[in-house]
Amino acid sequence: MSWSWSIQPISSLVTRSALAKPATRPYPVERRTPYARTRGHIEFRIDDCNFCTICAHKCPTLAIQVNKQDKTWAIDHSRCILCGICVEDCREGCITLSPLPCPPMRAKEVLSFRQEHAPPPPRETVAVEPPSRTSEPRRSDNSVSSP
Ligand code: SF4
Ligand code: SF4
């Protein structure tokens, strides 16, 4: 029995491994696509915010601070548990849940936003005029027809 019989499977295994694609992803060059409905982090757009403070009052961990006078909105990502309540309750659609993870923080920090311009005007409402009384058909009490 020659030893070449025992070394052949090993050499073919080494050749296959050398030519095969890597089993792992070269992170961070290539990142995995997040799964649908992944809870990554909260994103905020201040343009349409009217500082109603609903999000701050509904947040169970007090992660959001809103100051109506200063027109500032702030979030402490280290407190946020990504429950999504603020996203659902903001009527202006300013808060969204991004599937990407929150950028790493070296220290506890509060991300603050300030609105520099005047808030947008309220949405237009179409005025519906009440029906004119003059256009209604007149009804007279004396209009009882005789038999
Ligand atoms: S983000 Fe939405 S809920 Fe929060 S203060 Fe602004 S408008 Fe109100
Ligand atoms: S997702 Fe939940 S915990 Fe995070 S800021 Fe919004 S309400 Fe607060």
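Everything numeric here is computed off the predicted structure, so don't read it as measured data.

Before going further, it helps to spend a moment on the overall build of the protein chain. The number of helices and strands found in the protein chain is three helices and five strands. Secondary structure elements of the protein chain, listed N to C terminal, follow the sequence α-β-α-β-β-α-β-β. Entry remark: accessible area of the protein chain is about 12,800 Å², with carbon and sulfur atoms responsible for 56%.

To continue, consider the pattern of salt bridges. Taken as a whole and assessed by the stated rule, the structure comprises five salt bridges. With a closest N to O distance of 3.0 Å, Arg45 and Asp48 form a salt bridge. Residue classification places Arg45 among the partly exposed positions, given a relative accessible area of 38%. On the accessibility criterion, Asp48 (27% relative accessible area) is partly exposed. The residue Asp76 makes a salt bridge to Arg79 at a minimum N-O spacing of 4.0 Å. Judged by relative accessible area, which is 5%, Asp76 ranks as buried. Overlapping salt bridges, with partners in common, bring together Asp76, Arg79 and Lys108 in one network.

What follows deals with the packing of aromatic side chains. With the rule as written, the count across this model stands at three aromatic pairs. Summarising the aromatic geometry, the rings of Phe44 and Trp73 are spaced 3.7 Å apart at their centres and angled 10° between planes, so their arrangement reads as stacked. With Phe44 in strand β1 (residues 41-44) and Trp73 in strand β3 (residues 72-76), this residue pair connects regions lying 29 residues apart in the sequence. Each member of the pair, Phe44 together with Trp73, is buried. Relative accessible area serves as the criterion here: at 13%, Phe44 is assigned to the buried category. In textbook terms, an aromatic cluster arises when at least three aromatic residues are bridged by ring pairs, as seen for Phe44, Trp73 and Phe113.

Every residue near ligand 1 is listed here: Phe44, Cys49, Asn50, Phe51, Cys52, Thr53, Cys55, Trp73, Cys90, Glu92, Cys94 and Ile95. Residues of the shell around ligand 1, tallied by class, amount to nine nonpolar, two polar and one charged.

Another point: the confidence of the model for the protein chain. The pLDDT averaged across the protein chain works out to 82; a share of 76% of its residues lies at or above 70. Taken together, the stretch residues 140-147 has pLDDT below 50 and engages in zero contacts with residues farther than four places along the chain or on a different chain.

Reading the values: rules and limits
- Residue positions are counted from 1 within each chain, in the order its sequence is given.
- Lettering of chains starts at A and numbering of ligands starts at 1, both following the order in which they are written.
- Reporting of local features is limited, given that this is a predicted model, to residues whose pLDDT is at least 70; pairs of side-chain atoms are given and counted only at 80 or more, and all residues count toward the totals for whole chains, interfaces and linings.
- Each side-chain value is worked out from all heavy atoms of the structure, with water and hydrogens disregarded.
- Numbering of helices and strands runs from the N terminus, with a helix taken as a DSSP run of H or I at least four residues long and a strand as a DSSP run of E at least two residues long.
- Residue-level accessible areas treat just the shown protein chains as cover; the underlying method is Shrake-Rupley with a 1.4 Å probe.
- By definition here, a salt bridge exists when the distance from a side-chain nitrogen of Lys or Arg to a carboxyl oxygen of Asp or Glu is within 4 Å.
- Think of it in three bands: with a 1.4 Å probe and only protein chains considered, a residue is buried below 20% of the maximum accessible area for its type, exposed above 50%, and partly exposed in between.
- Only the six-membered ring of Trp is used, alongside the rings of Phe and Tyr, when aromatic pairs are assigned; centres must lie within 6.5 Å, and planes under 30 degrees apart are stacked while those over 60 apart are edge-to-face, with the rest tilted.
- Consider each residue's heavy atoms; a residue with any of them within 4 Å of a molecule or strand counts as near.
- For this classification, Asp, Glu, Lys and Arg are treated as charged, while Ala, Val, Leu, Ile, Met, Phe, Trp, Tyr, Cys and Pro are nonpolar and the rest, including Gly, are polar.
- For every residue, the predictor states its confidence as a pLDDT score lying anywhere from 0 to 100.
- Note on definitions: a residue-residue contact is assigned when non-hydrogen atoms from the two residues lie within 4.5 Å.

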